[in-house]
Amino acid sequence: MTTKEKVAALRGWMAAAGLDGLIVPRTDAHQSEVTAPRDDCLRYLTGFSGSAGLALVLSDEALIFVDGRYQVQVRQEVAPALFAVHHLYDDPLDGWLKANARPGWRIGLDTMLVPGSLHDRLAEGCAAAGASLVALDADPFDAVWRDRPPRPLGAIRAMPPEMAGETAGSKRMRIAGSLKGKGADLLVETLPDNIAWLLNVRGSDVPMNPVPHSFLVLEEDGRAEWFVDRRKFGNDLDAYELADVALSPPERFLDRLAETVAGRTAAIDADFAPQAVRARILAAGGRLAPQTSPITLAKAEKTPAELQGYRDCHLEDGIAVADFLAWLSAEAPVRAGTETPLGELEAEARLLAFRSERPGFLEPSFRTISAAGANAAMCHYAASPETNAPLETDAPYLVDSGGQYANGTTDLTRTVMFGVPTAEMRLAYTAVLKGFISLMSARFPAGTHGHQLDAFARRALWDLGLDYDHGTGHGVGHNLLVHEYPHRFARQPNLHGLTPGNIMTIEPGYYREGAFGMRIENQVEVVADAPGFCRFATLTFVPIDLTMTDLDALSPAETAFLDAYHAEVRAKLEAHVRPETRSWLLEETRPVAER
């Protein structure tokens, strides 16, 4: 079916259901950033492949809302004649409904696909216009998506306690013991990475996202009921820490919740738990204690074993990426402008091959952003045979990638230039580098919030009247999701303070639509510094390309940072990289004064 035919089929379903509109979220029942194919209804309907957004389909028009990372991409993937593009945050759907919905409209929504906080904003937007938000009893895509994929059944594996740093039983008792103090009798958990961390398991329902789709209810005595498909385990359960954990089918989750919660108070995460969960608890006579999940908070404080795992896997990752960049620097310039230039897809495949050689590597931690020229202006670009651009000498090449290792997760970005940069490129890249160094070098009181530090990375760009429309960094899971809550560096407030043991990325960038994009990213560990203060210790050890840098514009402190960082990169990698990489590594880690 064409996009036009899909929209028409959905409108037919809406008419039969007595609806004037239908909201189509990007997410699944777990608010996953990357969904299983059967849950990617927004992509099926619109063609949009980004990780954040939602659509509103009306009888005579349709709209799609995406954030700043995808403003370029959405216009390339979605038919403008069918969907009007809006900004997810600057011009949100609830505001549009308030201003444009008509009295009496009935807007349908699958309430398992949106958290209660978003549901309330949408309901308020409808009510302000005299419209109503209607919870659906059936999934419309079961009716209109003829070849809809089945639910995933990825195998579940155990995470050894010695690698996790704590047994699953200890984690359950620790979290359960905190519930009374949080005003709750039980915890309802719907985030798969939280459940995977709590039970010391990893999954494979979605590639590069090693978590099993499931739900869980944790009682105050530490007992748990885990709603997960038994077929994901196989026949032998002895490898898993399942004492006092009852297994139930996922389809029973809401009904069992209703049976369990009557007269009791359930802790739920209002930003992630589906509205359907909240509604079922209240309908069953339960009470709500909305809060950030205590598992989310505990998971963010990495154990010593987890921290060592990050350090070890980043060394392996640094070796792989250095070998790749050395190969790239030799291959790309020679083939540029020929009949067989090096393309984005070939570069991506070669990087994966280098990583696959490293001990402990399992799979990428996300789809590599291998972006040449104008494609790099799309923050979350994914190369395809139709868009596979050659790596040339007149524009930068951006590669944002990472690995899932048995003992940790990596994420880094480097932007390299094979020719002579323009003055504009040099100006922008130098500002990005200055912002990167500024935040990497920051010293801050323990408990400082991410939004309080975000401007460190933007200041040099702001001085030029430039900026980037994405966050500056995020948490990273321990062989879990590469984007881990709750910590963020962004302009928007983040009320979770940074403390030793948190893992973050630092990744400022700049993007000029139709021309180029650039970003520098390291993964870091928050460590204690002077009493009451913290700093960032880098986990990423890969040379930073300085071809586009105006070295004369660097301060003595910035130069010292680069020299110290590159000296450490050289010391860690020189004995481990391929022989053919060594000369490149020595060249790329020279002191600034020698360039």
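Given the structure is predicted, the values throughout are model-derived calculations rather than measurements.

K.L.:
Lay out the overall build of the protein chain in plain terms, naming residues and giving numbers.
P.N.:
Scanning the protein chain from N- to C-terminus turns up 18 helices and 28 strands. The C-alpha atoms of the protein chain give 25 Å as radius of gyration, which agrees with the globular expectation for 595 residues (25 Å, within 12%). Its C-alpha atoms give the protein chain principal-axis dimensions of roughly 70 × 55 × 45 Å. The buried share among the 595 residues of the protein chain stands at 58%. Excluding contacts between residues fewer than 6 apart, the proportion of contacts in the protein chain whose partners are at least 24 apart in sequence is 69%. Total accessible area on the protein chain is roughly 22900 Å²; 53% of this is exposed by carbon and sulfur atoms. Each charge class in the protein chain can be summarised by its mean position, and for the 57 positive and 80 negative side chains these summaries are 3 Å apart.

K.L.:
Could you give me a rundown of the sheet that holds strand β13 (residues 265–268), with the residues and numbers involved?
P.N.:
The strand order β12-β11-β10-β8-β13-β14 describes an open sheet built from six strands, whose pairing is mixed. Each edge of the sheet is formed by a strand with only one pairing partner; in this case those strands are β12 (245–248) and β14 (287–290). Taking the axes of each pair of neighbouring strands and ignoring which way they run, one obtains an average angle of 20 degrees across the sheet. Where strand β10 (residues 215–219) and strand β11 (residues 224–227) come together, four bridges link them in antiparallel fashion.

K.L.:
So what about the domain arrangement of the protein chain? Which residues, and what values?
P.N.:
The domain boundaries assigned to the protein chain delineate domain 1 (3–144), domain 2 (157–298) and domain 3 (304–540). The centre of domain 2, based on its C-alpha atoms, is set 32 Å off from the matching centre of domain 3. Taken residue by residue, the interface counts 19 residues in domain 2 and 19 residues in domain 3. Interface of domain 2 and domain 3: buried area, both sides summed, is about 1500 Å²; carbon and sulfur atoms make up 63% of it. Of all residues in domain 2, the largest losses of buried area upon contact with domain 3 belong to M163, D193 and M208, amounting jointly to 38% of the total for that side. For the pair domain 2 and domain 3, the interface holds five residue pairs in polar contact (both at pLDDT 80 or more).

K.L.:
How would you summarise the sheet that holds strand β20 (residues 412–416) if you had to cite specific residues and measurements?
P.N.:
Strand order in the open sheet formed by three strands is β16-β17-β20, with antiparallel pairing between adjacent strands. Whereas interior strands pair on both sides, the edge strands pair on one side only; in this sheet they are β16 (369–372) and β20. For this sheet, the mean angle separating the axes of adjacent strands, direction not counted, is 10 degrees. Pairing between β16 and strand β17 (residues 397–401): four bridges, direction antiparallel. What sits directly across from A372, in β17, is Y397.

K.L.:
Tell me about the layout of surface pockets, and name the residues and values.
P.N.:
Estimated volume of the second largest pocket: approximately 1200 Å³. If you go around the second largest pocket, you meet 44 residues; those closest to its centre are A29, D110, M112, R151 and F215. Of all elements in the fold, only β1 (21–25), α6 (140–144), α10 (253–261) and α11 (275–283) reach the threshold of two or more residues within the lining of the second largest pocket. Its residues assigned to classes, the lining of the second largest pocket shows 21 nonpolar, six polar and 17 charged. Two domains each put at least three residues into the lining of the second largest pocket: domain 1 (3–144) and domain 2 (157–298).

K.L.:
Give a description of helix α1 (residues 3–16) that names residues and reports values.
P.N.:
Look at α1: 20 Å from first C-alpha to last across 14 residues, which is about the 20 Å you get at 1.5 Å a residue. For α1, the full list of buried residues reads K6, V7, L10, W13 and M14. Taken down its axis, α1 places every buried residue within 120 degrees of arc, on the same side. When the buried face of α1 is taken as reference, the exposed residues oriented beyond 90 degrees from it are K4, A15 and A16. Contacts from the buried residues of α1 go to β1, α2 (41–46), β2 (54–58) and α6. With its phi angle positive at about 75 degrees, G18 sits one or two positions after the end of α1.

K.L.:
Residues and numbers for the side chain of H86, please.
P.N.:
With respect to the secondary-structure elements, H86 resides in strand β4 (residues 84–87). A residue is classified by how much of its surface remains accessible, and H86, at 15% relative accessible area, is buried. Ignoring sequence-local partners within four residues, the contact set of H86 consists of L63, I64, F65, V66, Q71, D91 and W96.

K.L.:
An account of the UniProt feature "domain: Peptidase M24 C-terminal" (unreviewed entry) in the protein chain is needed here, citing residue identities and associated values.
P.N.:
Residues annotated in UniProt with the feature "domain: Peptidase M24 C-terminal" (unreviewed entry) correspond here to residues 532–592. As annotated, residues 532–592 has a helix share of 46% and a strand share of 10%, and its two end C-alpha atoms lie 33 Å apart.

K.L.:
Quick one: what's the story with the packing of aromatic side chains, residue by residue and with numbers?
P.N.:
Taken as a whole and judged by the stated rule, the model has 16 aromatic pairs. Between the aromatic rings of F48 and Y70, the centroid separation amounts to 5.4 Å while the plane-to-plane angle is 85 degrees, which identifies the pairing as edge-to-face. Of this pair, F48 sits in the loop between α2 and β2 while Y70 sits in the loop between β3 (62–66) and α3 (71–77), and the two are 22 residues apart along the sequence. With a relative accessible area of 0%, F48 lands in the buried category. Centroid distance F436 to F561: 6.5 Å. Interplanar angle 80 degrees. Geometry classified as edge-to-face. Placement of F436 in helix α15 (residues 423–440) and of F561 in helix α17 (residues 556–573) is noted, with a sequence separation of 125 residues between them. Overall, the relative accessible area of 0% leaves F436 in the buried class. Taken together through their ring pairs, the aromatic side chains of F436, F541, F561 and Y565 make up a single cluster. Stacked on the ring of W197, the Lys or Arg K171 has its end atom at 4.2 Å from the ring centre. Directly above the ring of F541 sits K572, whose terminal nitrogen or CZ lies 5.0 Å from the centroid.

K.L.:
Tell me about α17, and name the residues and values.
P.N.:
The end-to-end C-alpha separation of α17 is 26 Å, in line with the 26 Å expected for 18 residues at 1.5 Å each. Every buried residue of α17 is listed here: E558, T559, F561, L562, Y565, H566, V569 and L573. The buried residues of α17 all sit within an arc of 155 degrees when viewed along its axis, so they share a single face. In α17, the exposed positions that point more than 90 degrees away from the buried face belong to P556, A557 and A571. Where α17 is buried, its residues touch α13 (304–335), β20, α15, β27 (522–528), β28 (533–538) and α18 (579–588).

Conventions used here
- Residues numbered from 1 in each chain as written.
- Predicted model: local features only at pLDDT ≥ 70, side-chain atom pairs only at ≥ 80, totals over all residues.
- Heavy atoms only, no water.
- Helix = DSSP H or I, 4+ residues; strand = E, 2+ residues; numbered from the N terminus.
- Rg over C-alpha atoms; globule rule 2.2 N^0.38 Å.
- Buried < 20%, exposed > 50% of the residue type's maximum accessible area, 1.4 Å probe, protein only.
- Contact = heavy atoms within 4.5 Å.
- Areas by Shrake-Rupley, 256 points an atom, 1.4 Å probe, with all protein chains shown as cover.
- Lys, Arg positive; Asp, Glu negative; His and termini not counted.
- Charge placed at Lys NZ, Arg CZ, Asp CG, Glu CD.
- Pairing = 2+ DSSP bridges.
- Axes fitted to C-alpha atoms, helices over the stretch in contact; angles between N-to-C directions.
- Domains from an automatic or database assignment.
- Buried area = accessible area lost by both parts, 1.4 Å probe.
- Polar contact = N/O pair within 3.5 Å; in protein donor to acceptor, adjacent residues only side chain to side chain.
- 1 Å grid on protein atoms, 1.4 Å probe; cavity = no way out; pocket = protein on both sides within 12 Å on 5 of 7 lines; lining within 4 Å.
- Points joined across faces, edges and corners; volume = space filled by probe spheres on them.
- Nonpolar A, V, L, I, M, F, W, Y, C, P; charged D, E, K, R; others polar.
- Expected span 1.5 Å × (residues − 1).
- Arc of directions from axis to C-beta.
- UniProt positions renumbered as here; feature names shortened; annotations may be inferred.
- Phe/Tyr/Trp six-rings, centres within 6.5 Å; stacked < 30°, edge-to-face > 60°.
- Lys NZ or Arg CZ within 6 Å of the ring centre and 35° of its normal.

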